[in-house]
Amino acid sequence: MSAAKFDRAELESMLVGLRPKLHRYAARMAGSAIEGEDIVQEAVVKALAAHDAGALVERPEQWLFRIAHNAAQDHLRRRQRERSRTSEADMTAIADLSASAETRLATAASLRSFMRLTPTQRSAVILTDVLGLSLSETCEVTGATLAAVKAALHRGRAELKALAALAGDMTVPKLDPEEERRLRRYVDLFNARDFDAIRRLIAEDVQVDVVNRTRLNGKKEASTYFGNYERISGWALLLGFVDGRPAILIRNPQADNAVRGFVLIDWRREEVVRIRDFRHVPYCLENADIRPIAV
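A quick note: this is a predicted structure, and the numbers were derived from the prediction, not measured. (Residues numbered from 1 in each chain as written. Predicted model: local features only at pLDDT ≥ 70, side-chain atom pairs only at ≥ 80, totals over all residues. Heavy atoms only, no water.)

I'd love a proper account of the overall build of the protein chain, names of residues and values included.
Looking only at helices and strands, the protein chain has 12 helices and 7 strands in total. Counting the 295 residues in the protein chain, one finds 47% classified as buried. Restricting to contacts in the protein chain with at least 6 residues of sequence separation, those with at least 24 account for 67%. Accessible surface, the protein chain as shown: approximately 14,800 Å² in total, 51% of it carbon and sulfur. (Helix = DSSP H or I, 4+ residues; strand = E, 2+ residues; numbered from the N terminus. Buried < 20%, exposed > 50% of the residue type's maximum accessible area, 1.4 Å probe, protein only. Contact = heavy atoms within 4.5 Å. Areas by Shrake-Rupley, 256 points an atom, 1.4 Å probe, with all protein chains shown as cover.)

Here it is as structure tokens:
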């Protein structure tokens, strides 16, 4: 296939179909379903901008994974700078091994386990063992040589196997008392359907991000967000953690009571200044470590 500029509508449709798969990669690279969605959003913006700038693409799917890979690397570098970490050395080349057992192991591994690997190892293992790309496709996405990919893949698989032999870390995080008080108040008001009281909690400059749907700025626009929940019966909230972060879990007691989404809230003293609602990105749930807190 020769390089060509494809239709924007075709690209947007492809992004919708690939988004869960891109998130599986990004979440494991970042060790967080939440940060993974940030990476995906950044990749989508970059892909659309590149298309509008006239990018010629030979293999669109690999091209999109390459953009997501670069966005993940940028994200990790930013986080590394913030934590004043030093980069790790490149791997040396060795022979490839059979991947059948390793594929099952990598697919089942937790996000926390992937963070024990170097970024190079993470990329190789996720792309080949989790997403099923060939070694040549993994080289194309990462820009690494075949020898380097084989080396990273071997060492990453070995590390995951060693981690799987250890007891899992089931330590339940603990909430700061003030954070818990604020969140429980929000949850209790929602479950009581007292949305007017919730509206009184939000700041005038509040920002609401209904992930993958819409963004609302200011108290007036944010009121429509709560209006949508007012019209939906059967939903209830529960306090919990998502990838170790305090969160509000969305469930439906009238169905199977399973968690169907989650909400992150930022506070400025007693006011809500930001709401991120992940109800419309179910693939985030598949990749996240969800832990409810008992009442």
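From this point, the discussion proceeds with the structure in view.
Please set out the packing of helix 2 (residues 33-52) against helix 3 (residues 60-82) residue by residue, giving values where relevant.
The contact between helix 2 and helix 3 brings their axes to 9 Å, and the two run at 130°. When the axis of helix 2 is compared with that of helix 3, the two are oblique. Both helix 2 and helix 3 take part in a crossing whose hand is right-handed. In this structure, helix 2 uses E35, I39, E42, A43, K46, A47 and A50 to contact helix 3, whose residues at the interface are W63, L64, I67, A68, A71, A72, D74, H75, R78 and R79. The residue inventory of the contact of helix 2 with helix 3, partitioned by class, reads 10 nonpolar, 1 polar and 6 charged. (Axes fitted to C-alpha atoms, helices over the stretch in contact; angles between N-to-C directions. Parallel < 35°, antiparallel > 145°, perpendicular 65-115°, else oblique. Left-handed = near helix turned anticlockwise from the far one by under 90°. Nonpolar A, V, L, I, M, F, W, Y, C, P; charged D, E, K, R; others polar.)

Please set out the environment of F190 residue by residue, giving values where relevant.
Within the secondary structure, F190 is located in helix 9 (residues 177-191). C-alpha of F190 to C-alpha of E230: the two residues are 40 residues apart in sequence and 9.3 Å apart in space. Setting aside residues no more than four positions away along its own chain, F190 makes contact with F195, I198, Y229, W235, A236 and L237.

I'd like to hear about helix 2, residue by residue, with values.
An ideal rise of 1.5 Å per residue puts 28 Å on 20 residues; helix 2 measures up with 29 Å between its terminal C-alpha atoms. Where helix 2 begins, the capping side chain belongs to S32, and its oxygen is found 3.2 Å from the backbone nitrogen of I34. Following helix 2 by one or two positions, G54 has its phi on the positive side, about 95°. (Expected span 1.5 Å × (residues − 1). Polar contact = N/O pair within 3.5 Å; in protein donor to acceptor, adjacent residues only side chain to side chain.)

Residues and numbers for empty space enclosed by the protein, please.
Evaluated as defined, the whole model comprises 1 cavity of 30 Å³ or more. Looking at the largest cavity, its volume works out to about 30 Å³. In terms of lining, the largest cavity is formed by Y186, F190, Y225, Y229, L237 and V263. Partitioned by chemical class, the residues of the lining of the largest cavity number 6 nonpolar, no polar and no charged. (1 Å grid on protein atoms, 1.4 Å probe; cavity = no way out; pocket = protein on both sides within 12 Å on 5 of 7 lines; lining within 4 Å. Points joined across faces, edges and corners; volume = space filled by probe spheres on them.)

Report on the pairing of strand 5 (residues 259-268), specifying residues and quantitative values.
The side chains of a regular strand alternate, residue by residue, between the two faces of the sheet. Here strand 4 (residues 245-251) pairs with strand 5 via 4 bridges, running antiparallel. Across the sheet, the residue bridging to L249 is F262, located in strand 5. Relative to strand 6 (residues 271-277), strand 5 runs antiparallel, the two being bridged by 6 bridges. Within strand 6, the residue paired with D266 across the bridge is R274. (Pairing = 2+ DSSP bridges.)

An account of the side chain of T138 is needed here, citing residue identities and associated values.
Note on placement: T138 falls in helix 7 (residues 135-142). With residues near it in sequence (within four places) discarded, T138 still touches A124, L127, T128, L133 and V149.

Lay out the sheet that holds strand 3 (residues 236-242) in plain terms, naming residues and giving numbers.
The strand order across the open sheet built from 7 strands is 2-1-6-5-4-3-7, with neighbouring strands paired in mixed fashion. Edge positions in the sheet fall to strand 2 (214-217) and strand 7 (290-292), since each has one partner strand and no second. Taken pair by pair, the neighbouring strands of this sheet meet at an average axis angle of 30°, ignoring direction. Where strand 3 and strand 4 come together, 7 bridges link them in antiparallel fashion. Within strand 4, the position partnered with L239 by the bridge is I248. On the sheet, helix 2 packs against strand 1 (202-210), strand 2, strand 3, strand 4, strand 5 and strand 6 and is oriented at approximately 75° with respect to strand 6. Lying on the sheet, helix 9 is in contact with strand 3, strand 4, strand 5 and strand 6; it crosses strand 3 at an angle near 150°.

Now, about the confidence of the model for the protein chain: what can you tell me, with residues and values included?
Of all residues in the protein chain, 86% attain a pLDDT of 70 or more, and the chain-wide mean is 85. Note that residues 84-99 has pLDDT below 50 and, in this model, 27 contacts with residues that lie over four places away or in other chains. (pLDDT = per-residue confidence, 0-100.)

Let's hear about helix 1 (residues 8-30): which residues, and what values?
Taking 1.5 Å of rise per residue, 23 residues should cover 33 Å, yet helix 1 covers just 29 Å from first to last C-alpha, more than 12% shy of that figure. Its axis deflected by about 50° at L18, helix 1 carries its strongest bend there, up to four residues before the proline P20. For helix 1, the set of buried residues is L11, L15, L18, R19, L22, H23, Y25, A26, A27, R28, M29 and A30. Looking one or two residues past helix 1, G31 carries a phi angle of roughly 75°, positive in sign. (Bend = angle between axes of the 7 residues up to and from the residue.)

Account for the nonpolar core, with residues named and values stated.
Formed by 38 residues in total, the largest nonpolar core has its most connected members in Y25, W63, F65 and L131. Counting only elements with at least two residues in this core, the list comes to helix 1, helix 2, helix 3, helix 6 (119-130) and helix 8 (146-164). Residues within four places of F65 in sequence aside, it is in contact with L18, K21, L22, Y25, L127, L131 and V141. Counting residues in hydrophobic clusters, the runner-up holds 31 residues, among them L201, V206, Y229 and V263. (Core = buried A, V, L, I, M, F, W, Y, C linked by side-chain atoms within 4.5 Å.)

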